[in-house]
Amino acid sequence: MFSSVRTPRVYEHIVAQIERAIYENRLQQGDKLPPERELVRQFSASRVAVREALRALEHRGFVEVRQGSAGGYFIREVGSGPLMRDFQTLFRLRGVSLAQLLEARLLVEPETARLAALRATDSDVKALRAAIDERAEHTAAGRHARLLDSEFHRLVAEAARNPVHAAVTQALMDLEIEVVVPKLDLGVDGSRALDAAHREIFDAILARQPGRAAEAMERHIRDIEERVGAGAQERAASGAA
């Protein structure tokens, strides 16, 4: 499957070959890489170089290690982990504000909702309805539901049937959980408004009305943006008092 490499930085070329095999679908999610001894033979490389390459691939999110008699290195499911880490680094180093995060959501999610209204399958609709019902049960029981709010947006992105939208939305929602959720208390009225917004987005998707879905998503995110700003002002006022 692989060819031998001879270079001072051998492990980088091993990584490049395995990544290329993944990109070209010669290695797919769930596939097990050959044993370390076999990789050493195929690449004509040292055991140290192969191990360094495997560690690099694991760090980048391409492979995962499974323990046990049937363990080894496996091609992992594509997710937003690497993108999320980059976003977190950006937030910490550049001081990305909550407003900027929501601004990015405004750029992406209305179009995602529009596509979902065009492409959602029966399975997508069922999952979205279940997410709305689950949130209603949580709020009725007085339980925190912000993680369920994020799940609704992930499901809308999946229904858009565009892997770029799905990956970006997943990363943005993961970052929001880290950054926004701990600082946002919607209160009873805000929670009801959020529930109504989700239902409006869902109804537009169900009715196959892409323009309405996009507009409902934009109104929803702008409402959250206003509530985040109002909450920040209240905290600043109470701190100055």
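Figured I'd write up the structure that's included with this text. (Residues numbered from 1 in each chain as written. Predicted model: local features only at pLDDT ≥ 70, side-chain atom pairs only at ≥ 80, totals over all residues. Heavy atoms only, no water.)

### Some words on the overall build of the protein chain
Here is step 1: Helix and strand counts for the protein chain stand at 10 helices and 2 strands.
Here is step 2: The linear arrangement of helices and strands in the protein chain, starting from the amino end, is α-α-α-β-β-α-α-α-α-α-α-α.
Here is step 3: For the protein chain, buried positions account for 41% of its 241 residues.
Here is step 4: Carbon and sulfur atoms make up 50% of the accessible area of the protein chain, which amounts to about 13,500 Å² in all. (Helix = DSSP H or I, 4+ residues; strand = E, 2+ residues; numbered from the N terminus. Buried < 20%, exposed > 50% of the residue type's maximum accessible area, 1.4 Å probe, protein only. Areas by Shrake-Rupley, 256 points an atom, 1.4 Å probe, with all protein chains shown as cover.)

### Things to note about the nonpolar core
Here is step 1: Among the nonpolar cores identified, the biggest contains 26 residues, and L128, F152, V156, I201, I205, A213 and M217 are the most heavily contacted of them.
Here is step 2: Mapped onto this core, the elements with two or more residues apiece are α5 (98-119), α6 (122-140), α7 (146-159), α9 (187-206) and α10 (210-240).
Here is step 3: For V156, the residues in contact, after removing those within four places along its chain, are T112, A113, A116, L128, I205 and M217.
Here is step 4: Of all hydrophobic cores here, the second largest spans 21 residues; its members include A21, A49, A53 and L57. (Core = buried A, V, L, I, M, F, W, Y, C linked by side-chain atoms within 4.5 Å. Contact = heavy atoms within 4.5 Å.)

### Details of the packing of aromatic side chains
What characterises a pair of aromatic rings is the spacing of the ring centres plus the angle enclosed by the ring planes.
Here is step 1: Per the stated rule, a full pass over the model turns up 1 aromatic pair.
Here is step 2: With a centroid separation of 6.0 Å and 75° between ring planes, the pair formed by Y23 and F62 is classed as edge-to-face. With Y23 in helix α1 (residues 10-23) and F62 in the loop between α3 (47-59) and β1 (63-66), the pair connects residues that are 39 residues apart, well separated along the chain.
Here is step 3: Assessed through its relative accessible area of 58%, Y23 is described here as exposed.
Here is step 4: A cation over an aromatic ring shows up here: R66 above the ring of F74, its NZ or CZ 4.0 Å from the ring centre. (Phe/Tyr/Trp six-rings, centres within 6.5 Å; stacked < 30°, edge-to-face > 60°. Lys NZ or Arg CZ within 6 Å of the ring centre and 35° of its normal.)

### As for the pairing of β1
Here is step 1: Relative to strand β2 (residues 72-75), β1 runs antiparallel, the two sharing 4 bridges. Bridge pairing in β2 places V65 opposite Y73.
Here is step 2: Connecting the antiparallel pair β1 and β2 is a turn made up of 5 residues, with G68 showing a positive phi of about 100°. (Pairing = 2+ DSSP bridges.)

### Points about helix α2 (residues 36-43)
Here is step 1: Inspection of α2 places L39, Q42 and F43 among the buried residues, and these make up the whole buried set. All buried residues of α2 project into a common sector of 85° when viewed along the axis, lining one side. Pointing more than 90 degrees away from the buried face of α2 are the exposed residues R37 and R41.
Here is step 2: Looking at the packing, one finds that the buried side of α2 touches α1 and α3.
Here is step 3: Just beyond α2, the residue with positive phi is S44, at close to 50°. (Arc of directions from axis to C-beta.)

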